[in-house]
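Structural characterization, general
Chain residues, written in single-letter form:
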Amino acid sequence: MEINKKFVDTHCHLDDEQFTEDLTEVIERANLAGVTRIINFGADFKTSNNAINLTQNEGLFAGVGIHPEEIDDAADEDFADRLAELAQNNKVVAIGEIGLDYYWEKDIQRRELQQKIFIEQLDVARQLNLPVCVHDREAHGDTLKILKAEAKGLRGVLHCFSGSLEMAKEVWKMGWLIGVDGPLTFKNAAKLPEIVKAAPSNMLLIETDAPYMAPPPYRGKRNEPAYVVEIAKKVAEVREVTLEEVARITTQNAESLYNIGQGGR
Ligand code: NI
């Protein structure tokens, strides 16, 4: 590995049971590929704790939060306090993944509850001065509305970005980033290449979302952080720059957003 090609996988779930048997090898393969830092995100209290436990491994960091599909885990009145307490751990670099998922949730009241839990967690991020990792699936309008109204003073990323170029521009205007992963490399990537090409160089993160959404040639198989290099290659192709340049800008962006400068934290 050349020293000038270092990547950060800014979003994955290595606590998934698909990694139980070979986690050490998965992390080794990532390091060999130049992926020296990995951020694991929780989706509820259990997986947020898992993400924190994983930070015992060098180069691993955690995000904690309640995913919109897991809002029942936020039913207790003190859930925000409990989340804030978890987030005090010095390997926690973000609140996430939090947001809205209207693909899986069609019920209006449940969607409203997702919004409420999302906003409450934005408040936790503000209290603790942490960046936010947002999940937005088929809820672009409400996500943007909430971020504009409720995320003042916060920074963050729309991970696995699936909105339009117009939405991306709004996001960048707020100083927020977009995260791109497997779908950028798929044949039916639609507007993503255009968005990646248009992105200001300080507004782009790369991620795998492993074990989900493996890029080709691994599509359909388990995804893992080493494959973030495939995403970086595609970003390089689309932006017509070198892989080194993609490594440099995306790593710098990850370090800056998540405060994971060289030397760790
Ligand atoms: Ni995820």
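Relevant structure appears above.
Quick caveat, the model's predicted, so the values are computed rather than measured. (Residues numbered from 1 in each chain as written. Predicted model: local features only at pLDDT ≥ 70, side-chain atom pairs only at ≥ 80, totals over all residues. Heavy atoms only, no water.)

1. Thoughts on the overall build of the protein
- Within the protein, the regular secondary structure consists of nine helices and eight strands.
- The C-alpha atoms of the protein give a radius of gyration of 17 Å, which matches the 18 Å a tight globule of 265 residues would have.
- Dimensions of the protein along its principal axes, counting C-alpha atoms only, are 50 × 40 × 35 Å.
- Sorting the 265 residues of the protein into buried and exposed places 56% on the buried side.
- Here the contacts in the protein between residues at least 6 apart in sequence split such that 70% fall between residues at least 24 apart.
- Total accessible area on the protein stands at roughly 11,900 Å², and carbon and sulfur atoms take up 47% of it.
- Once the 30 positive and 44 negative side-chain charges of the protein are each reduced to a mean point, those two points are 7 Å apart. (Helix = DSSP H or I, 4+ residues; strand = E, 2+ residues; numbered from the N terminus. Rg over C-alpha atoms; globule rule 2.2 N^0.38 Å. Buried < 20%, exposed > 50% of the residue type's maximum accessible area, 1.4 Å probe, protein only. Contact = heavy atoms within 4.5 Å. Areas by Shrake-Rupley, 256 points an atom, 1.4 Å probe, with all protein chains shown as cover. Lys, Arg positive; Asp, Glu negative; His and termini not counted. Charge placed at Lys NZ, Arg CZ, Asp CG, Glu CD.)

2. Here's the deal with the packing of aromatic side chains
- On inspection of all chains with the given rule, the structure shows three aromatic pairs.
- Residues F41 and Y258 carry aromatic rings whose centres are separated by 6.3 Å and whose planes lie at 55 degrees to one another, so their mutual orientation is tilted. Residue F41 is found in strand β2 (residues 35-41), and its partner Y258 is found in helix α9 (residues 243-258); the two are separated by 217 residues along the sequence.
- One Lys or Arg, R219, reaches over the ring of F186 and ends 3.5 Å from the middle of that ring. (Phe/Tyr/Trp six-rings, centres within 6.5 Å; stacked < 30°, edge-to-face > 60°. Lys NZ or Arg CZ within 6 Å of the ring centre and 35° of its normal.)

3. Brief notes about helix α1 (residues 23-32)
- Of all the positions in α1, only L23, V26, I27 and A30 are classed as buried. Summarising the axial view, the buried residues of α1 lie within an arc of 95 degrees, below the 170-degree limit, and thus occupy one face. Among the exposed residues of α1, those oriented more than 90 degrees off its buried face are T24 and L32.
- The inward-facing, buried residues of α1 contact β2, α2 (45-54) and β3 (60-64).
- Taken from the residues just after α1, G34 is the one with a positive phi, measuring 95 degrees. (Arc of directions from axis to C-beta.)

4. Let's talk about the coordination of the nickel ion
- Protein coordination at the nickel ion: the donors are H11 (NE2), H13 (NE2), E97 (OE) and D209 (OD), at 2.2 to 2.4 Å from the metal.
- Note that the nickel ion binds four donor atoms; their angles at the metal cover 83 to 174 degrees, and the shape is irregular.
- The sequence pattern describing where the donors of the nickel ion fall on their chain is H-x1-H-x83-E-x111-D. With H13 in the loop between β1 (7-12) and α1 and E97 in strand β4 (residues 92-101), this pair connects stretches of sequence that are 84 residues apart. In this structure, H13 and E97 share a single accessibility class: buried. (Donors = N, O, S within 2.8 Å, 3.2 Å for Na, K, Ca; no water. Tetrahedral: all angles 85-135°; square planar, octahedral: opposite > 155°, others 65-115°.)

5. Describing the pattern of salt bridges
- Per the counting criterion, the structure on display carries 17 salt bridges.
- Note that R222 and D22 form a salt bridge whose closest N and O atoms lie 2.9 Å from each other. Taken as a pair, R222 in the loop between β8 (204-206) and α8 (228-239) and D22 in the loop between β1 and α1 lie far apart in primary sequence, 200 residues in all.
- Two residues, E237 and K234, come together in a salt bridge whose shortest N-O distance is 3.3 Å. Of this pair, E237 and K234 are both found in helix α8, three residues apart, which corresponds to roughly one turn of the helix.
- The class of E237 is exposed, set by a relative accessible area of 54%. (Salt bridge = Lys/Arg side-chain N within 4 Å of Asp/Glu carboxyl O.)

6. A few points about the side chain of E207
- With respect to the helices and strands, the residue E207 is situated in the loop between β8 and α8.
- Of the polar contacts made by the side chain of E207, one reaches the backbone nitrogen of C160; its length is 2.9 Å. (Polar contact = N/O pair within 3.5 Å; in protein donor to acceptor, adjacent residues only side chain to side chain.)

7. A short note on the pairing of β4
- The buried fraction of β4 is high, at ten of ten residues.
- The sheet contact formed by β3 and β4 spans three bridges and is parallel. What sits directly across from V64, in β4, is I95.
- Bridge count between β4 and strand β5 (residues 132-137): five bridges; the pairing is parallel. Residue pairing in the sheet places G99 in a bridge with H135 of β5.
- Note on the crossover from β4 through helix α4 (residues 108-128) to β5: the handedness is right-handed. (Pairing = 2+ DSSP bridges. Right-handed = clockwise from strand over helix to strand, strands pointing away.)

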